[in-house]
Amino acid sequence: MVDKRPYHIIVFGATGFTGQFVVEEVARTCNEGPGGTLQWAVAGRNRDRLEKILVQAADALRKPELKCVEVIVVDVAEPESLAIMCKQGIIVLNCVGPYRFYGEPVVKACIENGAHCIDICGEPQFLEGIQLKYHSKAQENDVYIIGSCGFDSVPADMGILYTQVHFKGTLTAVESFLTINTGPEGGCGHDATWQSAIFGFADSASLKRIRRKFGHKPLPAVGARIKKRGALFFSKEIEQYAIPFMGSDPSVVRRTQRYMHEEHKHSPVQYMAYVGIGGLFSVLKTLFAGVVFWFMVKFSLGRGLLTELKYVCTGPTRKQMDGTSFCLRFMGEGYTTGQDPSQGKPNATISTEITGPEPGYITTPITMVQAAITLLNEHHCLPNKGGVYTPGSAFARTTLIDRLNKHGIQFSLKNGQ
């Protein structure tokens, strides 16, 4: 049935701010599909806007043939139209967020109609809730639902696996430190990301309820327990002040480590994630903004006022994106081959690094599209059955890291043991 589908990839939400860049990235990688070709389409609510996006991409990439890419009119609120879309594609790239509001109907339609689904969600409540509700059904239908395939959380998840592979022995603990460098034009977020943050923090209690329903036993802490740093500290690793990373990376990495431990008997890695915020002036700004944000998300009136800032969060300009880059450093420790992790302190360390372009709208389309290309070309290397997976659990045995290296997201070993 899959072989008879007209499209390898359907970009759903192609007219959204992120979706337009995913369209351009798919267009750049058409020769990487099965047999060196890629059949694809764009989907969304408005045909005119979809056609306009294709013209825009054709002009930006100097590929006039993009104007002939097929358009599918779909509304996330209409299950029939979702079903029609899903029956036509092998993979749906879902760019319609916030996912807590619009993600579940797409997942449901994909599973029921045999299309794999890849999203770029950074919302732990949605990601873990979908796993709880749909994993068994996706397994039955042999459909892969792979969430968080953007900057949240491919670099962190695959970076931990990369660090494990390069550690000679038993890697037991890793800390990651994210730094984002903006150029003279500065940076800017976008409305959908802003809304995801607002409602994610406001609904943090639901994540605890979801995790209780899983009934998981705590993962064994192999070796010395990782030490949790404070809410604000000066990091010698990145030579600036840092705070805990509030995104989906810790949630996604721990789900991957649980899968690798339970399915493949791998020793789980303890993980802590941090992000650099700069010098003292940046610390003061961050603390003030954080306190105001935390207070306002607790009340519906405050959330309403925060969502009005969507008129400010218009997304970065091309110049801002071109001047921005990221660096994600991993500092790991463990026990060399032959050393018993239950005896004494870790006796070896390792440092790895991932660097790449602007995270939200350059890196994210690259990781999302390369995840899809990997799924198309290396289906045999994924878990034996479909299901709801993290990037690491889905792509651990594939060449995704090599593919990302070729597309400007560089994984490197900085200091071995």
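All of these numbers come straight from a predicted model, not from anything done at the bench.

In this section: the layout of surface pockets. Taken as a whole, the second largest pocket spans an internal volume of roughly 340 Å³. Lining the second largest pocket are 17 residues, and of these Ala173, Glu175, Ile226, Lys227 and Glu333 sit closest to its centre. Broken down by secondary-structure element, the contributors of at least two residues to the lining of the second largest pocket are strand E7 (169-181), strand E11 (325-336) and strand E12 (348-357). Residue composition of the lining of the second largest pocket, by class: 7 nonpolar, 4 polar and 6 charged.

A few words on the sheet that holds E11. Within the open sheet, the 7 strands sit side by side as E8-E9-E10-E7-E11-E12-E14. Their pairing is mixed. For this open sheet the edge positions go to strand E8 (233-235) and strand E14 (410-415), each flanked by a neighbour on one side alone. Recorded for the sheet is a direction-independent mean angle of 30 degrees between the axes of neighbouring strands. By the bridge criterion, 10 bridges tie E11 to E12 in an arrangement that is antiparallel. Within the sheet, the bridge partner assigned to Leu328 lies in E12 and is Ile354. Against the sheet, helix H13 (residues 359-377) makes contact with E7, E11 and E12, and its axis sits at roughly 105 degrees relative to E12, the strand it touches most.

So, about the sheet that holds strand E4 (residues 89-94). Pairing is parallel in the open sheet, where 7 strands are placed in the order E3-E2-E1-E4-E5-E6-E13. Strand pairing shows two members of the sheet lacking a second neighbour, strand E3 (70-73) and strand E13 (387-389), which therefore form its edges. Averaged over all pairs of adjacent strands, the angle between their axes in this sheet comes to 20 degrees, without regard to strand direction. The pairing of strand E1 (residues 7-12) with E4 spans 5 bridges and is classified as parallel. Directly across from Val11, in E4, lies its bridge partner Leu93. Here helix H4 (residues 99-113) sits on the sheet in contact with E1, E4, strand E5 (116-119) and strand E6 (144-146), set at roughly 175 degrees to E4.

As a further point, take the UniProt feature "domain: Saccharopine dehydrogenase NADP binding" (unreviewed entry) in the protein chain. UniProt's feature table lists "domain: Saccharopine dehydrogenase NADP binding" (unreviewed entry) at residues 9-146, given in the numbering used throughout. As a span, residues 9-146 carries 49% helix and 19% strand, and end to end its C-alpha atoms are 14 Å apart.

As a further point, take the state of the cysteines. Summed over all chains, the structure comprises 0 disulfides. Cys86 carries a free sulfur, and the closest cysteine sulfur to it, the one in Cys110, is 3.7 Å from it.

All chains considered together, the criterion is met by 13 salt bridges. Where Arg318 meets Glu24, a salt bridge forms, and the shortest distance between an N and an O atom there is 2.9 Å. Here the residue Arg318 occupies a position in helix H12 (residues 318-322), and Glu24 occupies one in helix H1 (residues 17-28), the gap between them amounting to 294 residues. Looking at Arg318, the relative accessible area reads 41%, which means it is partly exposed. Judged by its relative accessible area of 3%, Glu24 is buried.

Right, let's get into H13. Over its 19 residues, H13 runs 25 Å from end to end, which matches the ideal 27 Å to within 8%, given 1.5 Å per residue. Of the residues that open H13, the one with a side-chain oxygen 3.0 Å from the backbone nitrogen of Gly360 is Glu358.

The terminal C-alpha atoms of helix H2 (residues 47-61) lie 21 Å apart, and with 15 residues this matches the ideal 21 Å at 1.5 Å per residue to within 8%. Turning to H2, its buried residues number three or more, namely Leu50, Ile53, Leu54, Ala57, Ala58 and Leu61. Buried residues of H2 fall within an arc of 135 degrees about the axis and therefore sit on the same side. Across H2 from its buried face, at more than 90 degrees, point the exposed residues Asp48, Lys52 and Asp59. Turning to H2, the residues buried within the fold contact H1, strand E2 (40-44) and E3. The N-cap of H2, judged by a side-chain oxygen 2.9 Å from the amide nitrogen of Asp48 a few residues on, is Asn46. Just beyond H2, the residue with positive phi is Arg62, at close to 55 degrees.

Procedures and definitions
- Residues numbered from 1 in each chain as written.
- Predicted model: local features only at pLDDT ≥ 70, side-chain atom pairs only at ≥ 80, totals over all residues.
- Heavy atoms only, no water.
- 1 Å grid on protein atoms, 1.4 Å probe; cavity = no way out; pocket = protein on both sides within 12 Å on 5 of 7 lines; lining within 4 Å.
- Points joined across faces, edges and corners; volume = space filled by probe spheres on them.
- Helix = DSSP H or I, 4+ residues; strand = E, 2+ residues; numbered from the N terminus.
- Nonpolar A, V, L, I, M, F, W, Y, C, P; charged D, E, K, R; others polar.
- Pairing = 2+ DSSP bridges.
- Axes fitted to C-alpha atoms, helices over the stretch in contact; angles between N-to-C directions.
- Contact = heavy atoms within 4.5 Å.
- UniProt positions renumbered as here; feature names shortened; annotations may be inferred.
- Disulfide = S-S within 2.5 Å.
- Salt bridge = Lys/Arg side-chain N within 4 Å of Asp/Glu carboxyl O.
- Buried < 20%, exposed > 50% of the residue type's maximum accessible area, 1.4 Å probe, protein only.
- Expected span 1.5 Å × (residues − 1).
- Polar contact = N/O pair within 3.5 Å; in protein donor to acceptor, adjacent residues only side chain to side chain.
- Arc of directions from axis to C-beta.

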